[in-house]
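Overview (structure and organization)
For reference, the chains in residue letters:
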Amino acid sequence: MPFYHKLGKIPPKRHTQFRKPDGSLYSEQLFGTVGFDGMYSNIYHEYRPTQVKEIVKQYKVAPKIARANNMESLRLKGFNVKPEKDYLSSRKTVLTNSDCSIILAAPQESQKDYFYKNTDADELIFIHKGSGKLRTFLGNLDFKYGDYLLVPRGIIYKIDFDTEDNRLFIVESRRPIYTPKRYRNWFGQLLEHSPFCERDIRKPQELEHHDEKGEFLVKVKKQDDIFEMVYATHPFDVVGYDGYNFPYAFSIHDFEPITGRIHQPPPVHQTFETDAMVVCSFVPRLYDYHPDSIPAPYNHSNIDSDEVLYYVDGDFMSRNDIEAGQITLHPAGIVHGPHPGAAERSIGKTETEELAVMVDTFKPLQVTEDGLKLSDGTYYQSWLEKE
Ligand SMILES: [Fe+2]
């Protein structure tokens, strides 16, 4: 995050002696990003964080591609993804390109016997159903329905769920995820016209501290392989850190919509960005208030973006037949728009309760085998007018 955070105990000056009560040194780690040119934190461990005991296994988790070049608008029935006990195996990549992956998951159990670290990508985990605690070596975050959890790459974490009924929409991004640049001043502070501000962003407040030696399994993802690595010390042995690189939470319900007299373009919903995609939040809001306005969107083609919409809750104004948990993919290169009748039907309406997350990718998305299984096969014809 582009602001400073400090948690736990740290010495007054970086890179100086910082001693435990018994006189020995804590182990300092500089956790940098983007070749030490991006955000970083300085972290103090009980033990050296380098103590790999064994690399037990390596296996591939890359998704199988069913359609490398796709021009068909798709509707994926996301709630058809079957719940699975294990968090990592429950994650099903449905769409992917070299910059990012769109993942659906219905995990039933908390991570019990392993920690997880994704070194390929930042993870943006949207909580559609469920609540619990994201536990990380840089502090914990409670989460519930509507939260985005931003886990920068390299953060070691575990997820604890309160119940078995969980539904997650996850974006893995190989480019760092930031808040939109146009909403920040040159110091990084979110500006007055931003739809959210620093007060809406929840930082880790509870630092778990385990002074433990033994055998600790960390599943590390690198280049679409999982390496099962056993460490000699507990990964949550941090006594304190400071810096700009840490996980955080932001609730979609804290996104303040920007509205106008006539239809506002998609960028007003923007919440996050990378140099390869944007993430937008569609939230309950008042409709356009020009006397002749048409609240439903116009037909549109952003010629070079694939558009993924994940429907969360409410009534989706532009469609007749969308349910919560579904994904629509509108591929770059062709026009899409409201369903027949939706524009007329929207006239005179004053507000919407729709809640949705949109991901626009600048490179086309490939459809995976897991994704194609969820497709209804007929969505691309749904704009045809009935004779
Ligand atoms: Fe669209």
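Everything discussed here concerns the structure shown above.
Summary of the structure given here. (Residues numbered from 1 in each chain as written. Predicted model: local features only at pLDDT ≥ 70, side-chain atom pairs only at ≥ 80, totals over all residues. Heavy atoms only, no water.)

Topic: the sheet that holds strand β15 (residues 167–173)
Strands in a sheet are paired, the pairing made by backbone hydrogen bonds, and the direction either parallel or antiparallel. Taking strand neighbours across the sheet as the criterion, the nine strands line up as β5-β28-β7-β8-β15-β10-β13-β20-β16 in an open arrangement whose pairing is antiparallel. Of all strands in the sheet, those bounded by a partner on one side alone are β5 (65–67) and β16 (201–202). Bridge count for strand β10 (residues 122–129) against strand β13 (residues 147–151) is four bridges, and the pairing is antiparallel. Each residue of the ladder has a partner; that of Phe126, found in β13, is Tyr148. (Pairing = 2+ DSSP bridges. Helix = DSSP H or I, 4+ residues; strand = E, 2+ residues; numbered from the N terminus.)

Digging into the environment of Asn97
Looking at the element boundaries, Asn97 is found in the loop between β7 (92–96) and β8 (100–105). The class for Asn97 is buried, based on a relative accessible area of 8%. Asn97 sits 264 residues away from Thr361 along the chain, and the two C-alpha atoms are 8.8 Å apart. Each residue touching Asn97, except ones within four places of it in the same chain, is listed here: Arg174, Thr361, Lys363, Pro364 and Leu365. Of the polar contacts made by the side chain of Asn97, one reaches the backbone nitrogen of Asp99; its length is 2.7 Å. (Buried < 20%, exposed > 50% of the residue type's maximum accessible area, 1.4 Å probe, protein only. Contact = heavy atoms within 4.5 Å. Polar contact = N/O pair within 3.5 Å; in protein donor to acceptor, adjacent residues only side chain to side chain.)

Here we look at the nonpolar core
Judged by nonpolar contacts, the single largest core of 76 residues is most densely connected at Tyr87, Ile125, Phe169 and Ile327. A per-element tally of this core places β8 first, with five residues. Excluding residues that lie within four positions of it along the chain, Ile327 makes contacts with Leu74, Arg75, Leu76, Val94, Leu95, Ile102, Leu104, Phe169, Val308, Leu309 and Tyr310. If you look at the next biggest cluster of nonpolar residues, it comprises nine residues, including Val278, Cys280, Phe316 and Met358. (Core = buried A, V, L, I, M, F, W, Y, C linked by side-chain atoms within 4.5 Å.)

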